[in-house]
Amino acid sequence: MQPLSDSSNPLTTAFPSELASDAEAVLAVMPASRLQPHASFSVVVADQHVYIPGRLYHDEPPTDAVASLSSRQRQLLHCLYSRHCDGVVRQRHLEKIVASTDPWVVPFVVQLVGEYVVEILVVICDELRDLAAPGTRGHLAYGQFIVDNPAFFARTQRRVVSYWSCYYRGTYASFRGYPGCTLLDLLRSAASDRARHPWPNLAPAGARVHGYC
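Residues numbered from 1 in each chain as written. Predicted model: local features only at pLDDT ≥ 70, side-chain atom pairs only at ≥ 80, totals over all residues. Heavy atoms only, no water.

## Considerations on helix H3 (residues 71-81)
For clarity, the cut-off: Here the term buried applies to any residue with accessible area under 20% of the maximum for its type, exposed to any over 50%, and partly exposed to those in between, with areas from a 1.4 Å probe on protein chains only. Helix and strand assignments come from DSSP, with helices taken as H or I runs of at least 4 residues and strands as E runs of at least 2, each series counted from the N terminus. Note on contacts: a residue pair qualifies if any of its non-hydrogen atoms lie within 4.5 Å across the two residues.
The element H3 is largely enclosed, with a buried count of 8 among its 11 residues. For H3, the set of buried residues is Gln73, Gln75, Leu76, Leu77, His78, Cys79, Leu80 and Tyr81. Those residues of H3 hidden inside the fold are in contact with helix H1 (20-29), helix H2 (63-67), helix H4 (87-97) and helix H5 (106-113).

## Regarding unusual backbone geometry
Backbone geometry places Ala46, a non-glycine residue, at a positive phi of 50°. For Ala46, the position within the fold is in the loop between strand S1 (41-45) and strand S2 (48-52).

## Here we look at the pairing of S2
A regular strand places its side chains so that they alternate between the two faces of the sheet. Here is the rule we go by: At least two bridges found by DSSP between two strands is the condition for calling them paired.
Residues of S2 alternate between two faces, with Gln48, Val50 and Ile52 buried on one and His49 and Tyr51 left unburied on the opposite face. From the end of S1 to the start of S2, which pair antiparallel, there are 2 residues, and Ala46 there has a positive phi angle of about 50°.

## Looking at the pairing of S1
When you tally the buried positions in S1, you get 4 out of 5 residues, the bulk of the element. Relative to S2, S1 runs antiparallel, the two sharing 5 bridges. The residue bridging Ser42 from the neighbouring strand is Tyr51, located in S2.

## Digging into the side chain of Arg55
Worth spelling out the cut-off: Counted as a polar contact is a pair of N or O atoms within 3.5 Å, where, for protein atoms, one must be capable of donating a hydrogen and the other of accepting one, and residues adjacent in sequence contribute only when both atoms are in side chains.
For Arg55, the position within the fold is in the loop between S2 and H2. At 3.2 Å, the side chain of Arg55 and the side chain of Glu115 are in polar contact. If we ignore the near neighbours within four places in the chain, the residues touching Arg55 are Pro37, His38, Arg83, His84, Cys85, Arg90, Glu115 and Tyr116.

## With respect to the environment of Thr171
In this structure, Thr171 sits in the loop between helix H8 (150-168) and helix H9 (179-195). Thr171 sits 82 residues away from Val89 along the chain, and the two C-alpha atoms are 24 Å apart.

## Here we look at H1
Given 3.6 residues to a turn, an α-helix orients residues that are three or four positions apart in the same direction. When we look at burial in H1, the residues that qualify are Ala20, Asp22, Ala23, Val26, Leu27 and Val29. On its buried face, H1 is in contact with H2 and H3.

## With respect to the state of the cysteines
Our working rule: For the purposes of this analysis, a disulfide is any pair of cysteine sulfur atoms at a distance within 2.5 Å.
Within the structure shown, the criterion is met by 0 disulfides. Considering cysteine sulfurs only, Cys79 is the nearest to Cys85, which forms no disulfide, with 18 Å between them.

## Section: the packing of H5 against helix H6 (residues 118-127)
Quick reminder of the rule: Where helices are involved, their axes are fitted lines through C-alpha atoms of the stretch in contact, as for all axes, and angles between N-to-C directions lie from 0 to 180°. Roughly parallel refers to an angle under 35 degrees, roughly antiparallel to one over 145, roughly perpendicular to one between 65 and 115, and oblique to any angle outside these ranges. A crossing counts as left-handed when the near helix is turned anticlockwise from the far one by less than a right angle, and as right-handed when that turn is clockwise.
Their axes nearest at 9 Å, the elements H5 and H6 cross at an angle of 130°. Comparing the axis directions of H5 and H6 gives the class oblique. The way H5 lies across H6 gives a crossing that is left-handed. Contact residues: H5 offers Val109, Leu112 and Val113, while H6 offers Ile120, Leu121 and Ile124.

## Looking at the pattern of salt bridges
This is how it is decided: Each reported salt bridge corresponds to a side-chain nitrogen of Lys or Arg within 4 Å of a carboxyl oxygen of Asp or Glu.
For the structure shown, the criterion picks out 8 salt bridges. A salt bridge links Glu60 to Arg92; its shortest N-O distance comes to 2.6 Å. Here Glu60, found in the loop between S2 and H2, pairs with Arg92, found in helix H4; they are 32 residues apart in sequence, far enough to count as distant. Here Arg90 ties to Glu115 by a salt bridge, and the two come within 3.8 Å at their closest N and O atoms. Within this pair, whereas Arg90 is found in helix H4, its partner Glu115 is found in the loop between H5 and H6, the two being separated by 25 residues in sequence. Among the residues examined, Glu115 registers a relative accessible area of 4% and is labelled buried. Taken together, the shared-partner salt bridges connect Arg55, Arg83, Arg90 and Glu115 into one network.

What follows is the structure, encoded as structure tokens:
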């Protein structure tokens, strides 16, 4: 694995080292926060360990400051704010990046698959419906990410089932109808092709027997 940027701001480590200067430009326009980013998690992107914040507490930057950034820098900004503590802010910034297949964007999207805001799952599901098509850029990008991060995706699968069971059984009596289940099917399909073997389905066995997944 290659080393990351040695910048003093830990948010630069949310992206591969070749994006460090772009990340620093993004951080320069972000308002200061009284709270530090919470509970970072590590995944492998482009053969490097990156450290993505679990939650971000910065206010959003002014529109003119965002407009001053390059298109790549704006992409990184949207990635970071998809980790915001406010679900409405997360969704707004997700919508700006979810169509991208750049490898540093993929973990931000997959992390949101394993969270609890169903409106965000619907946004991702609508954009990634073609993910099962072999050979597409999305199919390759998401498949490679999962192959490189099997433990992270295993945890994501379990979280999807857990959030459905805790919060959404009343709306989706069958897990099969839950958007998170559709997304897991798509992601497992991409991973299976990339790994050249079926990717494990970690929905509880009892749920599968009863038609939930």
